[in-house]
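Coordinate analysis (summary)
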Amino acid sequence: MKKFLALALALIMALSLFACGKKEDPQPETKDIKVGFITLHDENSTYDLNFINGAKEAIKNLGLTDANYILKTNVPEGQECYETACDLVDNGCTIIFADSFGHEPYMIQAAQKYPDVQFCHSTGTRAHTENLANYHNAFAAIYEGRYLAGIAAGMKLNEMIEAGQFTKDEAKMGYVGAFTYAEVISGYTSFYLGAKSVCPTVTMDVTFTGSWYDEALEKEGAQKLIAGGCKLISQHADSLGAPTACENAKVPNVSYNGSTKDAAPNTYIISSRINWAPYYEYAIKAVMDGKTIDTDWTGTLATGSVVLTELNEAVAAEGTAEAIKAAQEKLEKGELHVYDTATFTVKGAPLSVDHMADVDTDEAYTPDTKVVKDGYFAESEFRSAPYFDLEIDGITRLDVNFG
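1. Some thoughts on helix 4 (residues 104–113)
Burial in helix 4 covers these residues: Glu104, Met107, Ile108, Ala110 and Ala111. Taken end-on, helix 4 shows its buried residues confined to a sector of 160 degrees, consistent with a single buried face. Contacts made by the buried residues of helix 4 are with strand 1 (35–38), helix 3 (79–90), strand 3 (95–98), strand 4 (118–122), helix 5 (127–130) and strand 5 (135–140).

This is how it looks when you write it as structure tokens:
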């Protein structure tokens, strides 16, 4: 009897331990993922630094470590991108991101070779027409952020007009652009419309460098604009060239992709930027969970993907923060549209409701999609990357310098 009781007790204890063991078994390990990041330049470029910071933030937020990602910097927009992507696959990466427009054909080439690896390309246009299950594009509604930054610029112009520094008819801004792509045109147009919403007489000159990152050309471009009578400068370029020129000339500056306050404390007002961390988190987690990544993903103010840096109150006009807040609330509620067709003209005429834009990009950039609805140009609603490429009245494009 004692022997039977001992055996029974031993069996009960064994079953109890087995049950406890099953309950305490760890969840399936998901943190062995390896992520690859490809950037055009390195931390010296404000554009690429913005992506690098977003990547590191996403990795941290997901509970991953440095061992879970590989960063490849200074990768040109050429065959080197394809080779780098292949190298990242060989090193165990199952999802790979690239950050520059010209990387796209090489990311597609890599996606075709490695169908079991996910390839995500920021600023690209072809994912929705390539029909590759493992190739994806992403962007954000940064035109809304630039519009808000434009309000800060317009408020500063008003302040200078009221101080007697120039007349309202002399309220001209300058803009240093990289290329004549829709992404750049959309950016400087939304910035201009934001300024115009509070300073109705404003005009703007735009010059181009033909490079995403060339400090000498960007500085030279800003100096040329200032010499041409521009009272405030903004940019879609990636170095400190333009902000430095503004600081030296004591001309207010609105930058892009991050604060330049340290380099230009007396002239910097504000910057808009895309926060890439939400997209990186979303896409990486989709791979970890075995879920599908959107073919075209557009970040918004609501997702925290479109942000403004801290306003430099020492330079900004009084009331700027309040004006930005009021406009942002209207944008988020859909009560305000950046490209409201009632707020601009093209060659003196309103934009046609039948206007077509190049959404399904081909080599000739053929217009293929009606993009005006409910009285506004619907930017980034038919694909994530910008397709606004109109030359509106009030903006003058100067000689295109691709030297």
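2. Observations regarding the pattern of salt bridges
Where charged atoms from two side chains of opposite charge approach closely, those side chains can pair. As enumerated under the stated definition, the model contains eight salt bridges in all. In this structure, the salt-bridge partner of Glu130 is Arg126, at a minimum N-O distance of 3.0 Å. The salt bridge partner of Lys172 is Asp205, with a shortest N-O separation of 3.1 Å. Of this pair, Lys172 sits in strand 6 (residues 172–177) while Asp205 is found in strand 7 (residues 203–208), placing the two residues 33 residues apart along the sequence. Overall, the relative accessible area of 12% leaves Asp205 in the buried class.

3. Some words on the side chain of Asp42
Tracing the backbone shows Asp42 in the loop between strand 1 and helix 2 (46–61). Although Asp42 lies buried, it forms no salt bridge, and the closest oppositely charged side chain, Lys56, sits 11 Å away as judged by the N-O distance. A distance of 3.3 Å separates the side chain of Asp42 from the side chain of Asn74, its partner in a polar contact. Beyond its immediate sequence surroundings of up to four residues, Asp42 is in contact with Asp48, Leu49, Ile52, Thr73 and Asn74.

4. With respect to unusual backbone geometry
A positive phi angle, close to 50 degrees, is found at Asp374, a residue other than glycine. Turning to its location among the elements, Asp374 is positioned in the loop between strand 15 (372–373) and strand 16 (376–377). The exposure class of Asp374 is exposed, given its relative accessible area of 75%. We note that Ser380 has phi near 60 degrees; this positive angle belongs to a residue other than glycine. By secondary structure assignment, the location of Ser380 is in the loop between strand 16 and strand 17 (395–400).

Quick notes on the rules
- Residues numbered from 1 in each chain as written.
- Predicted model: local features only at pLDDT ≥ 70, side-chain atom pairs only at ≥ 80, totals over all residues.
- Heavy atoms only, no water.
- Buried < 20%, exposed > 50% of the residue type's maximum accessible area, 1.4 Å probe, protein only.
- Helix = DSSP H or I, 4+ residues; strand = E, 2+ residues; numbered from the N terminus.
- Arc of directions from axis to C-beta.
- Contact = heavy atoms within 4.5 Å.
- Salt bridge = Lys/Arg side-chain N within 4 Å of Asp/Glu carboxyl O.
- Lys, Arg positive; Asp, Glu negative; His and termini not counted.
- Polar contact = N/O pair within 3.5 Å; in protein donor to acceptor, adjacent residues only side chain to side chain.

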